[in-house]
Amino acid sequence: MATELNAVRVQTEDFSVPSEYALIAGDNSDGAVVTFVGKVRDFNDGSVVTDLTLEHYPGMTEAVLNQIAVEARERWPLNNVTIIHRVGTMALGEQIVFIGVTSAHRKAAFAACEFLIDFLKTKAPFWKLEAGDKGANWVEAKDADEQAAKMWVKE
Amino acid sequence: MINVLFFAQVRELLGQSALAVEASESTVTAEDLRAQLAAKDDKWGKVLAADKLLVAVNQTISSWDTPVEDGDEVAFFPPVTGG
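On a predicted model such as this, the values are computed, not experimentally measured, just so you know.

(A) Structural context of the interface of chain B and chain A. Contact residues are listed per partner, giving 20 residues for chain B and 25 residues for chain A. Of the roughly 1800 Å² buried where chain B meets chain A, counting both sides, 57% is carbon and sulfur surface. Of all residues in chain B, the largest losses of buried area upon contact with chain A belong to Val80(B), Thr81(B) and Gly83(B), amounting jointly to 37% of the total for that side. Counting the contacts that link chain B with chain A gives one salt bridge. Its salt-bridge partner being Arg11(B), residue Glu55(A) comes within 2.5 Å of it at the nearest N-O pair. At the boundary of chain B and chain A, one finds 13 residue pairs in polar contact (both at pLDDT 80 or more).

Shown next as structure tokens:
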């Protein structure tokens with residue numbers, strides 16, 4: 001039985017990939033489960049990064065993530081969609097974002113997962129402040145991210 | 001009153017996260033509100049003149065000619081960098 005479900009969460013606490021997988025992968029009509037995890041890496045533009053602080057726009061963030069999930073569902077036959085994004089300060093190696101998508105077939109699940117992260121990076125009101133050996137700096141938006149999101153815009 | 005919010009670098013550079021602005025007859029669009037705030041002093045002018053500044057009216061990213069009126073929530077912020 002398909003249980004159409006968009007789960008969107010913005011939270012400070014960490015998430016468990018096995019738990020999130022179990023929540024979306026229980027339906028045996030879904031042959032494909034694609035998940036993506038973004039984590040804090042130790043470099044950006046050649047500088048050492050020691051931790052990362054994520055700020056967001058409460059209220060608007062949740063609405064945008066829900067809208068992105070709805071758009072993904074309009075494009076591909078999906079069953080479960082989960083988007084979790086953390087805010088606050090995260091240490092090196094910590095998980096920042098989780099996207100989980102299930103579908104009957106892999107192509108839809110892969111494409112939807114990529115669409116979700118591309119759109120999230122350019123449309124959802126989150127901002128990264130990186131701390132490192134050169135002090136704290138706000139991360140600049142990348143044109144490459146904007147181009148990636150534009151690829152999905154229908155002509 | 002218009003409830004104005006600032007995020008990320010914009011919040012940090014201005015030193016505040018929110019401001020209540022009395023809507024005047026000349027405050028018709030998001031651009032009018034931006035210009036009104038930018039006229040406060042040099043610092044505000046510089047921060048709110050940023051060519052990549054974005055505006056959200058009532059929690060939707062909007063164009064600069066979007067109407068604003070009493071009771072609206074208007075947020076100014078830089079391009080987003082989550083994920």
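And the narrative resumes.
(B) Representation of the sheet that holds strand S7 (residues 95-103) of chain A in the model. Residues and elements named next belong to chain A. Taken in spatial order, the four strands of this open sheet run S1-S5-S7-S2, and their pairing is mixed. The sheet is open, and its two borders are formed by strand S1 (5-11) and strand S2 (32-39), each paired with just one other strand. Across the sheet, the mean angle from the axis of one strand to that of its neighbour is 5°, orientation sign disregarded. The pairing of S1 with strand S5 (residues 78-86) spans seven bridges and is classified as parallel. The partner of Ala7 across the bridge, within S5, is Thr82. Here helix H1 (residues 17-24) sits on the sheet and contacts S1, S2, S5 and S7; the angle it forms with S7, its principal contact strand, is near 20°. Contacting S1 and S5, helix H2 (residues 60-75) runs over the sheet at an angle of about 150° to S1.

(C) Main features of unusual backbone geometry. Residue and element names in this part refer to chain B. Positive phi is not limited to glycine here, since Asn58 has a value of about 50°. Tracing the chain through its elements places Asn58 in the loop between strand S3 (54-57) and strand S4 (60-62). A residue is classified by how much of its surface remains accessible, and Asn58, at 39% relative accessible area, is partly exposed.

(D) Spotlight on the packing of aromatic side chains. Counted under the stated rule, the structure contains 13 aromatic pairs over all chains. Ring geometry for Trp76(A) versus Phe115(A): centroids 5.4 Å apart, planes at 65°, classification edge-to-face. Residue Trp76(A) is located in the loop between H2 and S5, and its partner Phe115(A) is located in helix H3 (residues 106-123); the two are separated by 39 residues in the primary sequence. The class for Trp76(A) is buried, based on a relative accessible area of 16%. Residue classification places Phe115(A) among the buried residues on the basis of a relative accessible area of 0%. With 4.6 Å between their ring centres and 25° between their planes, Phe115(A) and Phe119(A) make a pair best called stacked. Here Phe119(A) and Phe115(A) lie together in helix H3, a separation of four residues that amounts to about one turn. A single burial state applies to Phe115(A) and to Phe119(A), both of which are buried. What links up through ring pairs into an aromatic cluster is the set Tyr57(A), Trp127(A), Phe7(B) and Phe77(B). A cation over a ring is seen here: Lys123(A) above Phe119(A), with NZ or CZ 5.7 Å from the ring centre. Above the plane of the ring of Trp44(B) lies Lys40(B), whose end atom (NZ or CZ) is 4.6 Å from the centre.

Conventions used here
- Residues numbered from 1 in each chain as written.
- Chains lettered and ligands numbered in written order.
- Predicted model: local features only at pLDDT ≥ 70, side-chain atom pairs only at ≥ 80, totals over all residues.
- Heavy atoms only, no water.
- Contact = heavy atoms within 4.5 Å.
- Buried area = accessible area lost by both parts, 1.4 Å probe.
- Salt bridge = Lys/Arg side-chain N within 4 Å of Asp/Glu carboxyl O.
- Polar contact = N/O pair within 3.5 Å; in protein donor to acceptor, adjacent residues only side chain to side chain.
- Pairing = 2+ DSSP bridges.
- Helix = DSSP H or I, 4+ residues; strand = E, 2+ residues; numbered from the N terminus.
- Axes fitted to C-alpha atoms, helices over the stretch in contact; angles between N-to-C directions.
- Buried < 20%, exposed > 50% of the residue type's maximum accessible area, 1.4 Å probe, protein only.
- Phe/Tyr/Trp six-rings, centres within 6.5 Å; stacked < 30°, edge-to-face > 60°.
- Lys NZ or Arg CZ within 6 Å of the ring centre and 35° of its normal.

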